[in-house]
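Here's the letter readout for the chains.
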Amino acid sequence: MSVAQLSVLVIDENHIRASIIEAGLREAGYQAVSVINELDGVAQHIERSQPDVIVIDIENPNRDMLEGLFALTRSVQRPIAMFVDKSDQPSIEAAVDAGVSAYVVDGLRKERVKPILDMAISRFRAFSRMARELADVRSELEGRKMVDQAKAILIKARGISEEEAYRLLRKTAMNQNRKLSEIAQSLVTASNLLEPQEQKP
Amino acid sequence: MRNDLFPVHAGFLPLIDSAILVVGSEKGFAEDEGIDLTLVRENSWANIRDRMAIGHFEVAHMLAPMPIAAKLGLTPMPLEIIAPMALGLGGNAVTLSRGLAESLNIGSDGTAFAAAPSGKALFGEVQRRRIGGLKKLVLGVVHPHSGHNYDLRYWLAASGIDPERDVDIVIIPPPYMPDALKAGRIDGFCVGEPWNSVAARDGSGVIVTTKSEIWRSSPEKVLGVSLEFAERNPEVLKALLRALTRAAMWCEKSDNHEELAHLLSRIHYIGIEPETLLPSLSGAFETADGTLHHVEDFFIPFSRAANFPWRSHALWFYSQMVRWGHADWDASQTEAISQTYRPDLYRSALATFDIPLPAASSKVEGGLPRTVPVGASKGSLLLGPDGFFDGKIFDPDMIEAYVLSQKT
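It should be emphasised that the depicted structure is a prediction, and the values quoted were computed from it without experimental measurement. (Residues numbered from 1 in each chain as written. Chains lettered and ligands numbered in written order. Predicted model: local features only at pLDDT ≥ 70, side-chain atom pairs only at ≥ 80, totals over all residues.)

A. How the structure looks around the pairing of strand β11 (residues 221–226) of chain B. Residues and elements named next belong to chain B. Of all six residues in β11, six are buried; the element is thus mostly enclosed. Alternating residues of β11 divide into Lys-221, Leu-223 and Val-225 and Val-222, Gly-224 and Ser-226, and every residue in both groups is buried. Both strand β3 (residues 59–63) and β11 contribute to a ladder of five bridges, which runs antiparallel. Each residue of the ladder has a partner; that of His-61, found in β11, is Leu-223. Across four bridges, the pairing between strand β4 (residues 81–86) and β11 is antiparallel. Residue pairing across strands places Ala-86 opposite Val-222, the latter belonging to β11. (Buried ≥ 20, exposed ≤ 12 C-beta atoms within 10 Å, placed from the backbone. Helix = DSSP H or I, 4+ residues; strand = E, 2+ residues; numbered from the N terminus. Pairing = 2+ DSSP bridges.)

B. Local environment of the sheet that holds strand β2 (residues 35–41) of chain B. Residues and elements named next belong to chain B. Reading across the sheet, the five strands line up as β2-β1-β3-β11-β4 and stay open at both edges, with mixed pairing between neighbours. The sheet is open, and its two edges are formed by β2 and β4, each paired on a single side. Strand-to-strand twist in this sheet, taken as the mean axis angle between neighbours without regard to direction, amounts to 35°. The sheet strands contacting helix α1 (residues 19–26) are β1 (6–12), β2 and β3, and the helix crosses β2 at an angle near 135°. Sheet strands in contact with helix α3 (residues 45–53) are β1, β3, β4 and β11, and its direction is about 145° off that of β3. (Axes fitted to C-alpha atoms, helices over the stretch in contact; angles between N-to-C directions. Contact = placed C-beta atoms within 7 Å.)

C. Structural detail: helix α13 (residues 257–265) of chain B. All names here are of chain B. Burial in α13 covers these residues: Leu-260, Ala-261, Leu-263 and Leu-264. Looking straight down α13, one finds its buried side chains confined to an arc of 160°; they lie on one side. Across α13 from its buried face, at more than 90 degrees, point the exposed residues Glu-258 and His-262. Each element contacted by the buried residues of α13 is listed here: α1, α12 (234–252) and α14 (274–282). (Arc of directions from axis to C-beta.)

D. Looking closely at the sheet that holds strand β7 (residues 137–141) of chain B. Residues and elements named next belong to chain B. Strand order in the open sheet formed by five strands is β8-β7-β9-β6-β10, and the pairing between neighbours is mixed. Each end of this open sheet is capped by a strand with a single partner; those strands are β8 (167–171) and β10 (205–210). Along the sheet, successive strands turn relative to each other by an average axial angle of 25°, direction set aside. In the sheet, β7 pairs with strand β9 (residues 188–192) via two bridges, with the strands oriented parallel. The residue of β9 that forms the bridge with Leu-139 is Gly-188. Relative to the sheet, helix α7 (residues 147–158) contacts β6 (92–97), β7, β8, β9 and β10, its axis offset from that of β6 by approximately 65°.

E. Quick peek at the pairing of strand β1 (residues 8–11) of chain A. Residue and element names in this part refer to chain A. Here β1 shows no split at all, with Val-8 and Val-10 on one side and Leu-9 and Ile-11 on the other all buried. Two strands pair when backbone bridges link them, and β1 and strand β3 (residues 53–57) are joined in this way by four bridges, in the parallel orientation. Residue Val-10 lies in a different strand from β3, and its bridge partner there is Val-55. Sheet analysis places β1 next to strand β2 (residues 33–36), joined by four bridges and oriented parallel. Residue pairing in the sheet places Ile-11 in a bridge with Ile-36 of β2. Since β1 and β2 lie parallel, the crossover through helix α1 (residues 15–27) that links them has a hand, and here it is right-handed. (Right-handed = clockwise from strand over helix to strand, strands pointing away.)

Here it is in structure tokens:
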């Protein structure tokens, strides 16, 4: 049986992460991949598409619902178990650490499902890394904006040049052993506080 | 934080019966016993179970049937869980949408939250829908293997409603229940507090009965402990049980309820304003017409052996798992199932405490119409009242007959 014949359902409320996993699976040759972003109607979807493997974010609060559903499908001879091999502790740990949970039709051989799980794990990790980097970039941009504002305040208040304002901020940061953006933030906050309030009529 | 403390991580869900763990950690009881107890709020019972299986949590706030489900191999990963302590008795309620509860006149004529009249009213509605060919009622519970599911099913079945045929029971995480009710996706639910009170306060739901009305002094959450951790660290577990017992005593005192409500209202615990948490601590709830009614023993954190892990509780849950097709009946399994609950560990941890401990490890459930003194290790221990609303009793020595009597 070729890999293409296993059908995989990805349930993820995060659209971007869902498409990253979907793309990875398709590149690896899995053709029958479907994605749902919302849990409404998930029962009907599973009944219709009869997936062999379900990949879902481990933090998804609807996992209890999904497991309740599987408990029901037990009665119609469609048992689904979490993880392909209960004895494969390292692979389970890797999945949980990466934030992936997988439900697999009972009886599927480990070798057939492991590549899917591995793919999901690495894509989940890549996504977390990306999200972290994005957050870093954002905070750096915020920081830069803050420094620009602080410089403007100094230029206006003390009549110094932009370069002098920057040097002053940097020196203060070094003396206080704090980040440049933190010093800038303090100055901007203080300046806002000191700004004359609008007079009420 | 002292660095000589033994770290213990506990997963929990935002529910009122996480109180003992929260207080154990926040009020210094764990630290006094040499434990650094870290609480981690989780999104699902599945996650609590899985993170215990891979060693993230040594202990957890757990649904009482979970150690049994693990023993029966119903969990996706191999995991042995024991329950050396219960986290109180009661704490759940059944809420219906306001429209439904009002149309059925539930709670009028002074019946308030009594389980029989509210069940009878719901039976009428189910009949009406069946005859009229109308859509079945949809009711939410939090997990298939949960006290909520079994409480709700017990109440429905004893009221003449077949939970399999007459209604649809769906699984929804506790904090999402009020929204599902508001949006009309469900007609009612059985869940732990404060989620009934949240729905009642925003006007979308009405509490129609409580766990304590269905079965007075009934088991709900346990302290689930990974067997591997318990065996490797017996002294740490004893220390934790002592700390949590002190926390439970603190939670029981009504003078502390205001502070407890504030503590639990913090965003990383339950994250709901204290006013909505207080009813479950005081037992004072509003009926459909807005009258305040006191529910006896709504939630018992400590007294009357509320933390004792009765083996008969484990067996009652097993009887219900069999009843609803969640497990097969196997008489040879009952011993192993009752041993997931560990009164022996509870007793040995509290040997030095000046509190009376039950002499027996198992009891007839539902057999105490009023509070009575029972045999105890020291002093006098009061138990009960303990009764099912339909008057039935569960004798753990006659579990097979009980299981057979519930087959329909």
